[in-house]
Amino acid sequence: MLSILSRRNVFFGSLSLGLVSANKVLSKKKQKINLSDDPQSWSMSEKAYAYAKQLGRVDDGKVIWRTKGIIYGFKAPLSPVPLVRFKGCEQQWVKKNSDSNFIKYNSLLTYYSDYFSDKIIDGFNNPITKKDVEFKPNWSRLPEGQVISKRGVTLNIFEKAFPGFYENSSINDVNINQIGGTVSFHNKMKWPTELLRNPYNQDNTHFAQLKDLQDMSMSWIPSHGAGQIMMPSMSSIGMDSPDLGQVIWHVEYYKIKTWDDLPQDYLDKALREHGDEFDINPINDTKPSKLAKNLRKLGYIK
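Please read these numbers as outputs of a predicted model, since none were measured by experiment. (Residues numbered from 1 in each chain as written. Predicted model: local features only at pLDDT ≥ 70, side-chain atom pairs only at ≥ 80, totals over all residues. Heavy atoms only, no water.)

(A) Expanded view of the pairing of strand β1 (residues 61–74). A large share of β1 lies buried, amounting to eleven of its 14 residues. One ladder, built from 13 bridges, connects β1 with strand β2 (residues 81–98); its direction is antiparallel. Residue Ile 64 lies in a different strand from β2, and its bridge partner there is Gln 91. Here β1 hands over to β2 after six residues, the two strands then running antiparallel side by side. As judged from the eleven bridges shared by β1 and strand β12 (residues 246–256), these two strands associate in the antiparallel manner. Bridging across to β12, Ile 71 finds its partner in Trp 249. (Buried < 20%, exposed > 50% of the residue type's maximum accessible area, 1.4 Å probe, protein only. Helix = DSSP H or I, 4+ residues; strand = E, 2+ residues; numbered from the N terminus. Pairing = 2+ DSSP bridges.)

Next comes the structure, spelled out in C-alpha coordinates:
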(Lines give C-alpha, C1' and ligand atoms only; values in the text may rest on other atoms or scores of the structure.)
Protein backbone atom coordinates (compact mmCIF):
# COMPACT_ATOMS: atom_id res chain seq x y z
CA MET A 1 0.00 0.00 0.00
CA LEU A 2 1.90 2.03 -1.82
CA SER A 3 6.49 6.00 -7.51
CA ILE A 4 9.19 8.28 -9.42
CA LEU A 5 11.81 8.94 -12.24
CA SER A 6 15.27 7.38 -11.89
CA ARG A 7 15.65 3.82 -13.15
CA ARG A 8 14.94 2.26 -9.79
CA ASN A 9 12.46 4.90 -8.76
CA VAL A 10 10.39 4.19 -11.86
CA PHE A 11 10.40 0.51 -10.92
CA PHE A 12 9.07 1.35 -7.46
CA GLY A 13 6.42 3.54 -9.05
CA SER A 14 5.08 0.57 -10.88
CA LEU A 15 4.38 -1.09 -7.66
CA SER A 16 3.92 0.09 -5.99
CA LEU A 17 0.95 0.90 -3.10
CA GLY A 18 -11.63 2.18 -7.59
CA LEU A 19 -14.97 2.52 -6.36
CA VAL A 20 -15.91 -0.42 -4.18
CA SER A 21 -19.48 -1.54 -4.16
CA ALA A 22 -21.19 -2.98 -1.14
CA ASN A 23 -19.90 -6.39 -0.08
CA LYS A 24 -21.13 -9.10 -2.38
CA VAL A 25 -22.40 -12.34 -0.96
CA LEU A 26 -20.04 -15.04 -2.15
CA SER A 27 -21.14 -18.17 -3.97
CA LYS A 28 -22.96 -20.75 -1.89
CA LYS A 29 -20.86 -23.50 -3.38
CA LYS A 30 -19.08 -25.72 -0.92
CA GLN A 31 -16.36 -23.64 0.71
CA LYS A 32 -12.80 -24.95 0.72
CA ILE A 33 -11.59 -22.13 2.97
CA ASN A 34 -12.24 -22.29 6.72
CA LEU A 35 -10.11 -19.85 8.70
CA SER A 36 -9.68 -21.01 12.28
CA ASP A 37 -9.11 -18.67 15.23
CA ASP A 38 -5.37 -19.42 15.04
CA PRO A 39 -3.66 -18.00 11.92
CA GLN A 40 -0.61 -20.16 12.65
CA SER A 41 -2.71 -23.21 11.80
CA TRP A 42 -3.92 -21.91 8.43
CA SER A 43 -3.01 -23.90 5.34
CA MET A 44 -1.14 -22.23 2.48
CA SER A 45 -4.40 -21.90 0.55
CA GLU A 46 -6.08 -20.29 3.55
CA LYS A 47 -3.16 -17.89 4.01
CA ALA A 48 -3.32 -16.89 0.33
CA TYR A 49 -7.08 -16.34 0.61
CA ALA A 50 -6.73 -14.25 3.79
CA TYR A 51 -3.89 -12.18 2.34
CA ALA A 52 -5.83 -11.53 -0.87
CA LYS A 53 -8.88 -10.52 1.15
CA GLN A 54 -6.84 -8.13 3.27
CA LEU A 55 -4.98 -6.64 0.29
CA GLY A 56 -8.00 -6.36 -1.97
CA ARG A 57 -11.07 -8.55 -2.26
CA VAL A 58 -11.89 -12.20 -2.95
CA ASP A 59 -14.31 -11.79 -5.83
CA ASP A 60 -14.12 -9.94 -9.15
CA GLY A 61 -14.27 -6.21 -8.53
CA LYS A 62 -12.48 -2.98 -7.76
CA VAL A 63 -10.57 -1.72 -4.73
CA ILE A 64 -9.18 1.68 -3.72
CA TRP A 65 -6.21 2.17 -1.44
CA ARG A 66 -5.65 5.72 -0.21
CA THR A 67 -1.96 6.44 0.39
CA LYS A 68 -0.20 9.21 2.27
CA GLY A 69 3.13 9.76 3.92
CA ILE A 70 6.39 11.65 4.30
CA ILE A 71 9.67 11.44 2.41
CA TYR A 72 12.82 12.08 4.45
CA GLY A 73 16.35 12.79 3.26
CA PHE A 74 19.52 12.27 5.23
CA LYS A 75 23.27 12.09 4.96
CA ALA A 76 24.93 10.12 7.73
CA PRO A 77 25.83 10.83 10.46
CA LEU A 78 23.14 13.55 10.42
CA SER A 79 19.54 12.68 11.30
CA PRO A 80 16.79 12.43 8.64
CA VAL A 81 15.10 15.68 7.57
CA PRO A 82 11.45 15.71 6.39
CA LEU A 83 11.38 16.94 2.79
CA VAL A 84 7.86 16.59 1.40
CA ARG A 85 4.61 14.77 1.96
CA PHE A 86 2.72 12.84 -0.68
CA LYS A 87 -0.89 11.78 -1.22
CA GLY A 88 -2.39 9.40 -3.69
CA CYS A 89 -4.48 6.35 -4.36
CA GLU A 90 -3.96 3.00 -5.98
CA GLN A 91 -6.99 1.56 -7.73
CA GLN A 92 -6.98 -2.18 -8.29
CA TRP A 93 -9.11 -4.39 -10.50
CA VAL A 94 -9.20 -7.91 -9.06
CA LYS A 95 -10.06 -11.13 -10.88
CA LYS A 96 -10.55 -14.33 -8.91
CA ASN A 97 -9.02 -17.48 -10.42
CA SER A 98 -9.64 -19.69 -7.37
CA ASP A 99 -9.96 -19.37 -3.60
CA SER A 100 -6.16 -19.17 -3.38
CA ASN A 101 -5.24 -17.43 -6.63
CA PHE A 102 -6.13 -13.87 -7.63
CA ILE A 103 -4.76 -11.49 -10.24
CA LYS A 104 -5.04 -7.73 -9.98
CA TYR A 105 -4.28 -4.82 -12.29
CA ASN A 106 -3.10 -1.72 -10.47
CA SER A 107 -3.23 1.99 -11.32
CA LEU A 108 -1.40 4.42 -9.02
CA LEU A 109 -1.41 8.21 -9.07
CA THR A 110 0.58 10.18 -6.48
CA TYR A 111 1.18 13.91 -5.96
CA TYR A 112 3.73 15.62 -3.73
CA SER A 113 2.52 18.07 -1.10
CA ASP A 114 4.07 20.65 1.20
CA TYR A 115 5.42 19.20 4.44
CA PHE A 116 3.78 21.84 6.65
CA SER A 117 0.47 22.57 4.90
CA ASP A 118 -0.03 19.28 2.99
CA LYS A 119 -1.14 21.34 -0.04
CA ILE A 120 -0.18 19.83 -3.39
CA ILE A 121 2.87 21.62 -4.80
CA ASP A 122 4.62 21.69 -8.18
CA GLY A 123 8.16 21.87 -6.81
CA PHE A 124 10.43 22.87 -3.94
CA ASN A 125 13.99 23.66 -2.92
CA ASN A 126 15.60 20.59 -1.40
CA PRO A 127 17.02 21.72 1.97
CA ILE A 128 19.77 19.08 1.88
CA THR A 129 21.07 19.43 -1.69
CA LYS A 130 19.82 23.04 -2.18
CA LYS A 131 18.48 22.02 -5.59
CA ASP A 132 15.33 23.54 -7.07
CA VAL A 133 13.12 20.68 -8.19
CA GLU A 134 10.06 20.64 -10.44
CA PHE A 135 7.72 17.82 -9.41
CA LYS A 136 6.02 15.49 -11.83
CA PRO A 137 3.10 13.38 -10.63
CA ASN A 138 3.70 9.68 -10.41
CA TRP A 139 1.22 8.05 -12.79
CA SER A 140 1.96 4.34 -12.86
CA ARG A 141 -0.14 1.48 -14.24
CA LEU A 142 0.49 -2.26 -14.33
CA PRO A 143 -1.36 -3.88 -17.25
CA GLU A 144 0.85 -6.98 -16.97
CA GLY A 145 -0.80 -7.87 -13.67
CA GLN A 146 0.17 -8.90 -10.14
CA VAL A 147 -0.77 -12.29 -8.67
CA ILE A 148 -1.59 -13.29 -5.08
CA SER A 149 -1.34 -17.03 -4.54
CA LYS A 150 0.36 -19.72 -2.49
CA ARG A 151 3.61 -18.24 -3.84
CA GLY A 152 2.82 -14.91 -2.15
CA VAL A 153 2.70 -11.74 -4.27
CA THR A 154 4.34 -12.04 -7.69
CA LEU A 155 4.64 -9.75 -10.72
CA ASN A 156 3.97 -11.27 -14.13
CA ILE A 157 6.51 -8.97 -15.78
CA PHE A 158 9.24 -10.26 -13.43
CA GLU A 159 8.24 -13.83 -14.31
CA LYS A 160 8.93 -12.93 -17.92
CA ALA A 161 12.14 -10.95 -17.38
CA PHE A 162 13.72 -13.14 -14.71
CA PRO A 163 12.62 -16.78 -15.08
CA GLY A 164 13.00 -18.60 -11.79
CA PHE A 165 13.02 -15.42 -9.70
CA TYR A 166 10.00 -16.60 -7.71
CA GLU A 167 11.06 -20.26 -7.64
CA ASN A 168 11.44 -20.31 -3.86
CA SER A 169 8.75 -17.74 -3.04
CA SER A 170 5.92 -18.79 -0.75
CA ILE A 171 2.94 -17.31 1.04
CA ASN A 172 4.76 -18.51 4.15
CA ASP A 173 7.22 -15.65 3.57
CA VAL A 174 4.43 -13.35 4.78
CA ASN A 175 4.66 -13.09 8.57
CA ILE A 176 1.08 -13.47 9.83
CA ASN A 177 0.40 -12.73 13.50
CA GLN A 178 -2.60 -12.18 15.73
CA ILE A 179 -3.01 -9.71 18.61
CA GLY A 180 -6.47 -9.90 20.13
CA GLY A 181 -8.96 -9.70 17.28
CA THR A 182 -6.49 -8.15 14.83
CA VAL A 183 -4.40 -10.05 12.28
CA SER A 184 -1.22 -8.49 10.91
CA PHE A 185 0.49 -9.35 7.61
CA HIS A 186 4.14 -8.30 7.42
CA ASN A 187 5.90 -8.66 4.09
CA LYS A 188 9.22 -7.56 2.60
CA MET A 189 9.18 -6.41 -1.00
CA LYS A 190 11.34 -8.59 -3.25
CA TRP A 191 13.28 -7.18 -6.20
CA PRO A 192 15.71 -8.91 -8.56
CA THR A 193 19.28 -8.10 -7.53
CA GLU A 194 19.92 -6.81 -11.06
CA LEU A 195 17.57 -3.88 -10.35
CA LEU A 196 18.77 -2.91 -6.88
CA ARG A 197 21.23 -0.35 -5.64
CA ASN A 198 22.14 -0.30 -1.98
CA PRO A 199 21.20 0.78 0.59
CA TYR A 200 17.69 -0.49 -0.02
CA ASN A 201 14.89 -1.95 2.08
CA GLN A 202 11.10 -2.06 1.86
CA ASP A 203 8.76 -3.48 4.50
CA ASN A 204 4.98 -3.24 4.78
CA THR A 205 2.58 -4.35 7.49
CA HIS A 206 -1.18 -4.45 7.00
CA PHE A 207 -3.94 -5.11 9.50
CA ALA A 208 -7.42 -6.62 9.32
CA GLN A 209 -9.93 -8.00 11.80
CA LEU A 210 -9.97 -11.78 12.23
CA LYS A 211 -13.78 -11.86 12.26
CA ASP A 212 -13.85 -10.08 8.89
CA LEU A 213 -11.35 -12.49 7.38
CA GLN A 214 -13.43 -15.42 8.64
CA ASP A 215 -16.76 -14.05 7.40
CA MET A 216 -17.31 -15.84 4.10
CA SER A 217 -20.22 -13.55 3.22
CA MET A 218 -17.81 -10.59 2.93
CA SER A 219 -15.75 -10.28 -0.23
CA TRP A 220 -14.32 -6.85 0.68
CA ILE A 221 -13.19 -5.99 4.21
CA PRO A 222 -11.67 -2.89 5.86
CA SER A 223 -7.90 -2.84 6.15
CA HIS A 224 -5.04 -0.43 6.73
CA GLY A 225 -1.29 -0.53 7.01
CA ALA A 226 2.04 1.26 7.00
CA GLY A 227 5.52 0.71 5.67
CA GLN A 228 8.94 2.16 5.00
CA ILE A 229 11.24 2.29 2.00
CA MET A 230 14.95 3.13 2.12
CA MET A 231 16.52 4.21 -1.18
CA PRO A 232 20.07 5.29 -2.07
CA SER A 233 18.89 8.27 -4.13
CA MET A 234 15.80 9.86 -5.68
CA SER A 235 16.40 12.32 -8.48
CA SER A 236 12.77 13.46 -8.65
CA ILE A 237 13.15 15.25 -5.29
CA GLY A 238 16.70 16.51 -5.83
CA MET A 239 18.60 13.59 -4.27
CA ASP A 240 20.45 12.66 -7.45
CA SER A 241 23.34 10.66 -6.03
CA PRO A 242 24.05 8.52 -2.96
CA ASP A 243 26.92 10.92 -2.30
CA LEU A 244 24.32 13.62 -1.62
CA GLY A 245 22.39 11.52 0.88
CA GLN A 246 19.76 8.79 1.09
CA VAL A 247 15.96 8.75 1.17
CA ILE A 248 13.44 7.16 3.54
CA TRP A 249 9.73 6.91 2.79
CA HIS A 250 7.14 6.52 5.54
CA VAL A 251 3.92 5.29 3.91
CA GLU A 252 0.39 4.82 5.27
CA TYR A 253 -2.29 2.78 3.49
CA TYR A 254 -6.07 2.87 3.96
CA LYS A 255 -8.50 0.69 2.04
CA ILE A 256 -11.52 2.88 1.31
CA LYS A 257 -14.91 2.31 -0.29
CA THR A 258 -15.38 5.41 -2.43
CA TRP A 259 -13.59 8.45 -3.79
CA ASP A 260 -15.39 10.46 -1.09
CA ASP A 261 -12.59 9.37 1.26
CA LEU A 262 -9.86 10.88 -0.93
CA PRO A 263 -8.59 14.43 -0.25
CA GLN A 264 -10.62 16.87 -2.33
CA ASP A 265 -7.57 18.69 -3.73
CA TYR A 266 -6.11 15.36 -4.81
CA LEU A 267 -9.31 14.14 -6.45
CA ASP A 268 -9.91 17.43 -8.27
CA LYS A 269 -6.40 17.41 -9.72
CA ALA A 270 -6.51 13.72 -10.60
CA LEU A 271 -9.78 14.04 -12.52
CA ARG A 272 -8.64 17.24 -14.20
CA GLU A 273 -5.36 15.75 -15.41
CA HIS A 274 -6.28 12.08 -15.89
CA GLY A 275 -10.06 12.08 -16.08
CA ASP A 276 -10.22 9.84 -19.15
CA GLU A 277 -7.95 7.18 -17.61
CA PHE A 278 -8.28 7.55 -13.84
CA ASP A 279 -11.03 4.96 -13.48
CA ILE A 280 -10.05 2.58 -16.30
CA ASN A 281 -8.73 -0.94 -15.75
CA PRO A 282 -5.07 -1.11 -16.93
CA ILE A 283 -5.71 -4.53 -18.48
CA ASN A 284 -7.04 -2.64 -21.49
CA ASP A 285 -3.95 -0.41 -21.85
CA THR A 286 -2.33 -0.52 -25.26
CA LYS A 287 1.04 0.60 -23.85
CA PRO A 288 3.26 -1.46 -21.52
CA SER A 289 3.92 -0.35 -17.94
CA LYS A 290 6.85 1.87 -16.99
CA LEU A 291 8.37 -1.20 -15.42
CA ALA A 292 8.12 -3.18 -18.66
CA LYS A 293 9.54 -0.27 -20.69
CA ASN A 294 12.57 0.00 -18.42
CA LEU A 295 13.14 -3.74 -18.34
CA ARG A 296 13.12 -3.67 -22.14
CA LYS A 297 15.49 -0.70 -22.19
CA LEU A 298 17.87 -2.59 -19.92
CA GLY A 299 17.70 -5.67 -22.12
CA TYR A 300 15.87 -8.01 -19.75
CA ILE A 301 12.87 -8.47 -22.05
CA LYS A 302 12.43 -8.10 -25.79
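(B) Spotlight on unusual backbone geometry. Residue Pro 77 is bonded to the preceding Ala 76 through a cis peptide linkage, with omega at 10 degrees. Along the polypeptide, Pro 77 turns up in the loop between β1 and β2. Of note in the backbone geometry, Asp 118 takes a positive phi value of approximately 65 degrees without being a glycine. Here Asp 118 lies in the loop between β3 (101–113) and β4 (123–125). The phi angle at Lys 130 is positive, at roughly 65 degrees, despite the residue not being glycine. Tracing the sequence through the fold places Lys 130 in the loop between β4 and β5 (132–134).

(C) Quick peek at the pattern of salt bridges. For the structure on display, the rule yields 13 salt bridges. Linking Asp 59 and Arg 57 is a salt bridge whose minimum nitrogen-to-oxygen distance equals 2.6 Å. Residue class for Arg 57 comes out buried when judged on its relative accessible area of 2%. For the salt bridge of Lys 96 with Asp 99, the shortest nitrogen-to-oxygen distance reads 2.8 Å. One connected set of salt bridges, linked through shared partners, spans Lys 87, Asp 118 and Asp 265. (Salt bridge = Lys/Arg side-chain N within 4 Å of Asp/Glu carboxyl O.)

(D) Summary view of helix α5 (residues 264–274). If you check which residues of α5 are buried, you get Tyr 266, Leu 267, Lys 269, Ala 270 and His 274. Each buried residue of α5 lies within a common arc of 170 degrees when the element is viewed along its axis, so the set occupies one face. Turned more than 90 degrees away from the buried face of α5, the exposed residues are Gln 264 and Arg 272. Contacts made by the buried residues of α5 are with β2, β3 and β6 (138–149). (Arc of directions from axis to C-beta. Contact = heavy atoms within 4.5 Å.)

(E) Fine view of the nonpolar core. Counting residues in each nonpolar core, the largest one holds 58 residues, and the members touching the most others are Ile 71, Phe 158, Leu 213, Ile 237, Trp 249 and Leu 295. Looking at this core element by element, the count peaks at six residues for helix α2 (residues 44–55). Beyond its immediate chain neighbours, meaning those up to four positions away, Leu 213 contacts Leu 35, Trp 42, Tyr 49, Ala 50, Lys 53, Gln 54, Val 183, Phe 185, Ala 208 and Ile 221. Grouped together as the second largest cluster of nonpolar side chains are twelve residues, Cys 89, Leu 262, Leu 267 and Phe 278 included. (Core = buried A, V, L, I, M, F, W, Y, C linked by side-chain atoms within 4.5 Å.)

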